Amino acid sequence: MWFAMDIKKTRRVSKSVGIALLTGMFGVQLAHAGKWLPLNKDGLHDRRSPGLELLQSPQDALGSLPTDTAGNKVNWSRAMDERLIKPRGALAGDKKVQILDLNIVMTDTAGHPNVLFPHKVHTQWLDCANCHESLFKSKTGATPVTMGSILRGEHCGVCHGAVAFPLTECRRCHLLPQEG
Amino acid sequence: MQDTNHRTILRLLPVVVLLLVASAAVRAEFGDIVLNNVSEQEGMRPVIFQHWFHRIRFQCRVCHNELKFEMRVGATQVTMDQISQGRFCGACHNGEIAWTVENCDLCHTGKPGLTTRIQGGHQTKGPGIW
């Protein structure tokens, strides 16, 4: 009898834990994964702020762009390649931006797939000086980059996890099988 | 009967707590930034800067190279004086490219008490030093 009771109790507990987890996940889902919340529900904007209703909503700005599963839920590079957005490269004038089409492979990855760093997509947004020589030395391999440093917001982590796709997306960088 | 009620409440407690946590969390967009180094000291709401809005219109290099914004939240000390003189935000927010500095309420929209940092969604949670 006590055995049966215990099982019943355990079932109840696991049921309530299950419900809690599901509800929590649903809540988080609603809170975060949802496409885009209006500004007055984002937890940052003051609902009483008089200018709020004049600002563009994320849904309005991002809703028609190619989607992604992480970050802003927008595939920014595709949006730019497909000319759905045409972000200016300079404040004024037709300054030609310098695009470098050079891939760097990083192989010191502790057994994880090697990292492919494409300069092209980075130089479509950034100037060389944004990374070189302060964050990264120009010489390949001369800067000791680790996941630790990235997670601390150094090196790649200056942007990735902040404004560029987040650090949950391992395979977007670690995408080349190790040789041998 | 009362005992059963108590148990039900106890069972529902984690659900309620999780719901509260989920609803109280910041659900801002990835890359949203709170700037409050001086705003509240000066009697204004914090500024909410939204990368998603700006990157549709400008490449990163414009602000982070041409306009000399550091790539670290709060590292660049920006004051209204500088903005009025056409530096930082003022390079665009001058009535020609974007709204002028007189439109205080369009930038100073943040909840009081927010601290300067990236506060965007749950994936903007890597390092604590942004």
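It should be noted that the structure appears before, not after, this text.
Bear in mind that the values here come from a model prediction, so they are computed numbers and not experimental data.

> Honestly, unusual backbone geometry in this entry has me stumped. Any pointers?
Working note: non-glycine residues mostly have negative phi, and peptide bonds are mostly trans. Of the consecutive residues His-132 of chain A and Glu-133 of chain A, the connecting peptide bond is found in the cis state with omega at 0°. Residue position: Glu-133 of chain A is located in the loop between helix 5 (128-131) and helix 6 (147-151). The backbone of Lys-73 of chain A shows a phi angle near 65°, a positive value even though the residue is not glycine. Structurally, Lys-73 of chain A can be placed in the loop between helix 2 (58-62) and helix 3 (76-81). With phi around 65°, Lys-68 of chain B is a residue other than glycine that occupies positive phi space.

> It is not clear to me how the sheet that holds strand 3 (residues 117-118) of chain B should be interpreted in this structure. Could you clarify?
The strands making up a sheet are joined through hydrogen bonds of the backbone, oriented either antiparallel or parallel. All names here are of chain B. A sheet is described by the order of its strands in space; here three strands give the open sequence 2-1-3, paired in antiparallel fashion. A single partner strand is all that each edge strand has here, and the edge strands are strand 2 (47-50) and strand 3. For strand 1 (residues 32-35) and strand 2, the ladder comprises four bridges, and the chain directions are antiparallel. In the sheet register, Val-34 faces strand 2, and the bridge partner there is Ile-48.

> How do you make sense of the environment of Pro-50 of chain A when you look at a structure like this?
Tracing the backbone shows Pro-50 of chain A in the loop between helix 1 (2-33) and helix 2. On the accessibility criterion, Pro-50 of chain A (48% relative accessible area) is partly exposed. Leave out the neighbours within four places in its chain, and Pro-50 of chain A touches Arg-45 and Asp-105 of chain B.

> Honestly, the sheet that holds strand 3 (residues 174-176) of chain A in this entry has me stumped. Any pointers?
Residues and elements named next belong to chain A. Ordered in space as 1-2-3, the three strands form an open sheet in which the pairing is antiparallel. What marks the edges here is a single partner per strand, and that holds for strand 1 (103-106) and strand 3. Each strand axis lies, on average, 50° off the axis of its neighbour in the sheet, ignoring direction.

> How should I be thinking about the state of the cysteines in this particular structure?
Two cysteines, two sulfur atoms, one covalent bond between them: this is a disulfide. Residue and element names in this part refer to chain B. Applying the stated criterion across every chain yields a total of zero disulfides over all chains. Cys-89 carries a free sulfur, and the closest cysteine sulfur to it, the one in Cys-107, is 6.8 Å from it. Of all cysteine sulfurs in the structure, the one in Cys-107 sits closest to Cys-104, which takes part in no disulfide; the separation is 8.7 Å. On the basis of relative accessible area, Cys-104 is assigned to the partly exposed category, the value being 35%.

> I would appreciate a short explanation of the interface of chain A and chain B in the present structure.
Often, the extent of an interface is quoted as the loss of accessible area on bringing the components together. Each partner contributes residues to the interface: chain A has 73 residues there, and chain B has 58 residues. Viewed at the interface, chain B and chain A are joined by three salt bridges. For Arg-72 of chain B, the salt bridge identified is with Glu-154 of chain A, shortest N-O distance 3.5 Å. On the surface where chain A and chain B come into contact, there are 23 residue pairs in polar contact (both at pLDDT 80 or more). Looking at the side of chain A that touches chain B, the elements that each hand over two or more residues are helix 1, helix 2, helix 5 and helix 6 of chain A.

How each quantity is defined
Residues numbered from 1 in each chain as written. Chains lettered and ligands numbered in written order. Predicted model: local features only at pLDDT ≥ 70, side-chain atom pairs only at ≥ 80, totals over all residues. Heavy atoms only, no water. Helix = DSSP H or I, 4+ residues; strand = E, 2+ residues; numbered from the N terminus. Pairing = 2+ DSSP bridges. Buried < 20%, exposed > 50% of the residue type's maximum accessible area, 1.4 Å probe, protein only. Contact = heavy atoms within 4.5 Å. Axes fitted to C-alpha atoms, helices over the stretch in contact; angles between N-to-C directions. Disulfide = S-S within 2.5 Å. Salt bridge = Lys/Arg side-chain N within 4 Å of Asp/Glu carboxyl O. Polar contact = N/O pair within 3.5 Å; in protein donor to acceptor, adjacent residues only side chain to side chain.

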